[in-house]
Amino acid sequence: MDSSFYNRLARLKLAIDKKSNASMIGSRKSVRKGSSAEFSDFREYMPGDDIRGIDWNAYARLDRLYIKEYMEEKESHVSIFLDTSSSMEYGEKTKFSLMTELAAGLSYISLSNMDHVTIYDMSEGIAPYAASGGTAGMKNLTTVLDRKKSQGKVDMYKSVRSAGRLHPGLTILCSDFLSEEFLPGSDTLAEIIKYLNFMKQKVVLLHIMAGEELEIDLSGTCNLIDMEDEENKIKVTMDEAALREYEKTKNDFLEGLKKTARKHGAEYFLCSTKDSFDKIIFEKLHSLYEW
């Protein structure tokens, strides 16, 4: 990624429809009134108000004093939750690699717009990493991402609930969602999204899958081993019937996640390791940005 690529990223801005209540100066509309150039509303003049805010044109028309109010601009909060379980290490280009690339790219977009970014590792016991103050914060953030490892299992519901109070903003969940708790019939994903909605978050699901999972080319008899529990193994003969069953189960799984996201107001994006980073950021995630 050269400087011209980062310049292209810097022209993007994540669309966050939750007004910020943060205390740092940024580029987002705040719930507070301030002195930016963006007009918000009129209110009647009260003793003690700065007379420089009086709208004299309104006074000439209405014979009453009114103050112009402007929208205060604050930083918004972008929270990125990373699935660092062992299953993310799968693929010629691993899901884990694509996930950290996307996290870095979206963090750069956020920081270039003076937003506050927090990276949450969903492995238990790992403290979140926060960055703000513009793109200068990217150096340490990318170092943190480079040091991440995929191992064991994660509990997404527990990780999100234990993150504590989230400022109104955007939450991005990055995962392959390959866990029984996300299979059709489970309410776990719906509960996660509803909780984040309650915390005033715009919720985005980045469903990261290996190209080899979406279009399998296995043949013959295979021993399949659970990457998160190596004691769990099955022997499968990949004949036409098995491939048809896999395709149906995969499609039901993807459609179930998409429907749950749509039902509860979250945005869902399927990201394949076979797609280039450029295509995902600038094409697939197009609806995430303000234009």
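Refer to the structure printed above.
The structure displayed is predicted, hence computed values, not measured ones.

### Quick look at the overall build of the protein
- Tallying secondary structure elements over the protein gives nine helices and ten strands in all.
- Out of the 291 residues belonging to the protein, those deemed buried represent 45%.
- Within the protein, counting contacts between residues at least 6 apart in sequence, those at least 24 apart form 73% of the total.

### With respect to the side chain of Thr 273
- Examined against the element boundaries, Thr 273 turns out to sit in the loop between β10 (267-272) and α9 (277-284).
- At 2.9 Å, the side chain of Thr 273 forms a polar contact with the backbone nitrogen of Gly 211.
- Not counting chain neighbours up to four residues away, the residues in contact with Thr 273 comprise Lys 93, Thr 94, Lys 95, Leu 98, Met 209, Ala 210, Gly 211 and Glu 212.

### What to know about the sheet that holds strand β7 (residues 201-209)
- Pairing is mixed across the open sheet formed by six strands, whose spatial order is β5-β4-β3-β6-β7-β10. The sheet is open, and its two edges are formed by β5 (129-131) and β10, each paired on a single side. Neighbour to neighbour, the strand axes of the sheet diverge by 15° on average, direction disregarded.
- Strand direction decides the pairing type here: strand β3 (residues 77-82) and strand β6 (residues 169-175), joined by six bridges, are parallel. The residue of β6 that forms the bridge with Ser 79 is Thr 171.
- Taken strand by strand, helix α4 (residues 138-146) contacts β3, β4 (116-121) and β5, and its axis lies near 155° from that of β5.

### What about unusual backbone geometry?
- The phi angle at Asp 63 is positive, at roughly 60°, despite the residue not being glycine.
- Assignment of secondary structure puts Asp 63 in the loop between α2 (56-62) and β2 (66-74).
- The phi torsion at Phe 177 lies on the positive side, around 55°, for a residue other than glycine.
- Mapping Phe 177 onto the fold places it in the loop between β6 and α6 (188-198).
- The class of Phe 177 is buried, set by a relative accessible area of 1%.

### Remarks on a nonpolar patch on the surface
- Residues Leu 218, Leu 224 and Ile 234 make up a contiguous nonpolar surface patch of roughly 230 Å² in combined accessible area.
- Judged by relative accessible area, Leu 224 falls into the partly exposed class, the value being 33%.

### Description of the packing of aromatic side chains
- If you walk through the whole model with that rule in mind, you get six aromatic pairs.
- When the centroid spacing of 6.3 Å and the interplanar angle of 80° are considered together, the rings of Phe 5 and Tyr 6 count as edge-to-face.
- On the basis of an interplanar angle of 40° and a centroid distance of 5.7 Å, the ring pair of Phe 5 and Phe 277 is categorised as tilted. Of this pair, Phe 5 sits in helix α1 (residues 3-10) while Phe 277 sits in helix α9; the two residues are 272 residues apart in sequence, bridging distant segments of the chain.
- According to the relative accessible area criterion, Phe 5 is buried, its value standing at 10%.
- One aromatic cluster in this structure is built from Phe 5, Tyr 6, Tyr 108, Phe 277 and Phe 282.
- One Lys or Arg, Arg 8, reaches over the ring of Phe 282 and ends 4.0 Å from the middle of that ring.

### With respect to the packing of α1 against helix α3 (residues 95-112)
- Where α1 contacts α3, the axes come no closer than 9 Å and their chain directions differ by 65°. Handedness of the crossing formed by α1 with α3: right-handed. Each of Tyr 6, Leu 9 and Ala 10 in α1 lies in contact with α3, whose residues at this interface are Gly 105, Tyr 108, Ile 109 and Ser 112.
- The class makeup of the residues in the contact of α1 with α3 is five nonpolar, two polar and no charged.

### What about the nonpolar core?
- Counting residues in each nonpolar core, the largest one holds 40 residues, and the members touching the most others are Ile 80, Leu 106, Leu 206 and Ile 281.
- In terms of residue count, α3 provides more of this core than any other element does, ten residues in total.
- Ignoring sequence-local partners within four residues, the contact set of Ile 281 consists of Leu 9, Leu 12, Leu 102, Leu 106 and Tyr 289.
- Counting residues in each nonpolar core, the second largest holds 26 residues, with Met 122, Phe 177, Ala 266 and Tyr 268 among its members.

### A look at the side chain of Ser 85
- Among the structural elements, Ser 85 can be located in the loop between β3 and α3.
- At 2.6 Å, the side chain of Ser 85 and the side chain of Asp 83 are in polar contact.
- Beyond its immediate stretch of four places on either side in the chain, Ser 85 contacts Ser 150, Gln 151, Gly 152, Lys 153, Val 154 and Glu 228.

### Quick word on the pairing of strand β9 (residues 229-238)
- Sheet topology places strand β8 (residues 220-226) next to β9; seven bridges connect them, and they run antiparallel. Each residue of the ladder has a partner; that of Asn 223, found in β9, is Lys 235.

Cut-off values and rules
- Along each chain, residues carry numbers from 1 onward, in the same order as the chain's sequence is written.
- Local features are withheld for residues below a pLDDT of 70 in this predicted model, meaning they are given only at 70 or higher, and side-chain atom pairs are given and counted only at 80 or more; totals for whole chains, interfaces and linings count all residues.
- Side-chain figures throughout are based on the complete set of non-hydrogen atoms in the structure, without hydrogens or water.
- Numbered from the N terminus, helices here are DSSP runs of H or I no shorter than four residues, and strands are runs of E no shorter than two.
- Burial status follows relative accessibility: with a 1.4 Å probe on protein chains alone, a residue under 20% of its type maximum counts as buried, one over 50% as exposed, and anything between as partly exposed.
- Any two residues whose heavy atoms approach within 4.5 Å at even a single point are treated as in contact.
- Within 3.5 Å is the distance limit for a polar contact, defined as a pair of N or O atoms, with the added protein rule that one can donate a hydrogen and the other accept it, and that residues adjacent in sequence qualify only through two side-chain atoms.
- A pair of strands is considered paired only if DSSP assigns at least 2 bridges between the two.
- An axis is simply a line fitted to the C-alpha atoms; with a helix, the fit covers only the stretch in contact. Between two such axes, the angle follows the N-to-C directions and lies from 0 to 180 degrees.
- Each patch is built from residues that are more than 30% exposed by relative accessible area and take part in no salt bridge. Like charges join if they lie within 9 Å; nonpolar side chains (Val, Leu, Ile, Met, Phe, Trp, Tyr) join within 5 Å.
- With residues, only the protein chains shown are counted as cover, and all accessible areas are computed by Shrake-Rupley using a 1.4 Å probe.
- Every case where a carboxyl oxygen of Asp or Glu lies within 4 Å of a side-chain nitrogen of Lys or Arg is listed as a salt bridge.
- Any two of the Phe, Tyr and Trp rings considered here, Trp counted by its six-membered ring, make a pair once their centres fall within 6.5 Å; the pair's planes then place it as stacked at under 30 degrees, edge-to-face at over 60, or tilted in between.
- Charges are assigned to positions over rings by a cutoff of 6 Å between ring centre and Lys NZ or Arg CZ, combined with an angular limit of 35 degrees from the ring normal.
- Here a crossing is taken to be left-handed if its near helix is turned anticlockwise relative to the far helix by less than a right angle, and right-handed if that turn runs clockwise.
- Amino acids outside the nonpolar list (Ala, Val, Leu, Ile, Met, Phe, Trp, Tyr, Cys, Pro) and the charged list (Asp, Glu, Lys, Arg) are all regarded as polar, and Gly is one of them.
- Buried Ala, Val, Leu, Ile, Met, Phe, Trp, Tyr and Cys residues that are joined via side-chain atoms within 4.5 Å together make up what is termed a nonpolar core.

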